[in-house]
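# Examining the three-dimensional arrangement
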Amino acid sequence: MMNVFTLLPEFLQTALTRQGITEPTPVQTRAVPPALQGRDVLATAQTGTGKTLAFLLPLAARLAENPPANALILSPTRELAQQTYDELLKLTDEEHPLRVALIIGGDNIHKQFAALRKHPRVIIATPGRVIDHMGRKSIDLKNTHYLVLDETDRMLDMGFISDMRKIAAVLPPPRQTLLFSATLPKEITALAGEFLKDPVRVQIGSVVSPADLVLQEIVHVDVREKLPQLLHELNTRQGSILIFTRTKHGAERLAKQLKLYGQKVNALHGDLRQNRRRQVLEFFKNQTVRILVATDVAARGIDVPHIAHVINYDLPQCPEDYIHRIGRTGRAGAVGSAISLISDDGQKWKDICKAAKFTVPVKTVQKTIEPLPEPKFVAQEEGAAHSKSRKKERAKREVRPSKATQIAKELLAEGEVYLPQGEELRAPAPLAKNAGKRGEKSSFKAAEKHAPKKVSTFRKAAAAVRVLETPEETADKNPFRTVKVGASKKALKRLEQPRPGAAKKRAKPAFGKFYKKRKRR
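Residues numbered from 1 in each chain as written. Predicted model: local features only at pLDDT ≥ 70, side-chain atom pairs only at ≥ 80, totals over all residues. Heavy atoms only, no water.

### Quick look at the sheet that holds strand β4 (residues 122–125)
- Read from one edge of the open sheet, seven strands run β3-β4-β2-β5-β6-β1-β7, paired in parallel fashion. A strand with exactly one partner marks an edge of an open sheet, and here the two such strands are β3 (100–103) and β7 (200–203). On average, adjacent strands in this sheet sit at an angle of 15° to one another, irrespective of strand direction.
- The sheet contact formed by strand β5 (residues 144–149) and strand β6 (residues 176–181) spans four bridges and is parallel. Within β6, the residue paired with Leu-147 across the bridge is Thr-177. (Pairing = 2+ DSSP bridges. Helix = DSSP H or I, 4+ residues; strand = E, 2+ residues; numbered from the N terminus. Axes fitted to C-alpha atoms, helices over the stretch in contact; angles between N-to-C directions.)

The structure is reproduced here in structure tokens:
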């Protein structure tokens, strides 16, 4: 059989060789030639069979042949859109650049505005965010002649059918549409008749059965036995593990419980911010974190080749989601395993068996309940008791000198502030009180000789006085530890600068009056 990669332009063949891809998968062999000819394609294949390159390769080749045309790729989830964006960038180089914009929910919209103003030739987006930009009139689709619908069945499950119709209605003719899906329900067939024109039908394997390389197992347990059984499975299995739960709250709670028993685990669900979701996926891909607890939002779009096991802590709501879940393992020819914990949802498992029509028998495993071990550590976000203990430890630490203390220390070292000693500290108060009496004039002048001759600001002097007020029991340990800012900036400025029209001799009593107040406190 001819290698369809030879039909591609030379720069795409070089890019594939650079990635170590030499042989096409079955879906690529059958979908790439008609797509290169400009035909519409309706392709169904199991997850992990290379569908992403099956539409990216002909799309990149067609865009190179037709420079004025643009393309739009719609994906159901942010993770799948990000994966498609990364794969497309690997097919470009400096001699054959391709401007690509990633438009997804949860990302910075101003960053997306900037990317759209550069007139990208390929827009990879989720349907909801495209509708948002259409309402803002910030996206230009008038030259978009190529449309790709990736994981269309998932987009229908998520309720994007009306958004897809609105987007397709504004695309100009003629248009080439490539529709890829893992399953083929009746809604997909109806949608294909609406969007596609005389499509080439590509079907690889059974669209309702899981991958043949996945070993499926089930364990019947009570609800209270699920966590001990899960810990047993985690401790006896090697490699990366993906755990599925039914709800976002359940994923977050299970991840916290597993952290208590020393497992390296993160949670992935729809409530996480985009940056956090990227970080969680990156930690899982580079194997910094071994276990990922996720909702069905991660059933599509996670392309991690080293996932060895999939554990269904909660069974999915519909049988199709079960197929997508276990399809995260056993990818690209690798052998994987999937185990489901069945408690009070036995009817759901019967529905899954009826819809999936397993060609390989599912193995029933006996439960192995072990007592829960003692928690190894408490994560920072776990409980209020931990935060209280951290506060107590923080209170025990030695208080660091404040900025005002450091400034006062520097001024003292430089000799810019005069520090009165002994009885000189008490001299200004009685002088200020009896400043108007005739008999005290001479003693007031005598005290002036001992006063600081040059004080840059009142703030420096006040800081120096507060240093002298340090308690004796703490003076040896740190003489500058108890320095605090006294008056506000406005009060200091008002005392430092005499009021307009007032005599200079009245400014000194004001200083003395404030000094007296500070001493009485």
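### Looking at the confidence of the model for the protein
- Chain-level statistics for the protein give a pLDDT mean of 78 and a share of 70% at 70 or above.
- Counting interchain partners and residues more than four positions distant, the pLDDT-below-50 stretch residues 378–387 has nine contacts.
- Scored below 50 in pLDDT, residues 477–485 makes 22 contacts in the model with residues more than four places away or belonging to other chains. (pLDDT = per-residue confidence, 0-100. Contact = heavy atoms within 4.5 Å.)

### Considerations on the side chain of Gln-176
- For Gln-176, the location among the structural elements is in strand β6.
- Among the polar contacts listed, one links the side chain of Gln-176 to the side chain of Arg-62, at a separation of 3.4 Å.
- If we skip the residues at most four places from it in the chain, Gln-176 touches Ala-35, Gly-38, Arg-39, Asp-40, Arg-62, His-145, Tyr-146 and Leu-147. (Polar contact = N/O pair within 3.5 Å; in protein donor to acceptor, adjacent residues only side chain to side chain.)

### Quick notes on the sheet that holds strand β13 (residues 336–342)
- The strand order across the open sheet built from seven strands is β10-β11-β9-β12-β13-β8-β14, with neighbouring strands paired in parallel fashion. The outermost strands of the open sheet, each flanked by one partner alone, are β10 (265–268) and β14 (363–365). If you compare each strand with its neighbour and ignore which way they point, the axes differ by 25° on average.
- Running at roughly 165° to β13, helix α10 (residues 226–236) makes contact with β8 (214–220), β9 (240–244), β11 (291–294), β12 (307–312) and β13 of the sheet.

### Observations concerning the pattern of salt bridges
- A full pass over the atoms with the stated rule returns 13 salt bridges.
- The closest approach of N and O atoms between Asp-107 and Arg-278, which form a salt bridge, is 3.1 Å. Of this pair, Asp-107 sits in the loop between β3 and α5 (109–117) while Arg-278 sits in helix α12 (residues 274–285), placing them 171 residues apart in sequence.
- Each of Arg-129, Asp-132 and Arg-136 takes part in one network of salt bridges that share partners. (Salt bridge = Lys/Arg side-chain N within 4 Å of Asp/Glu carboxyl O.)

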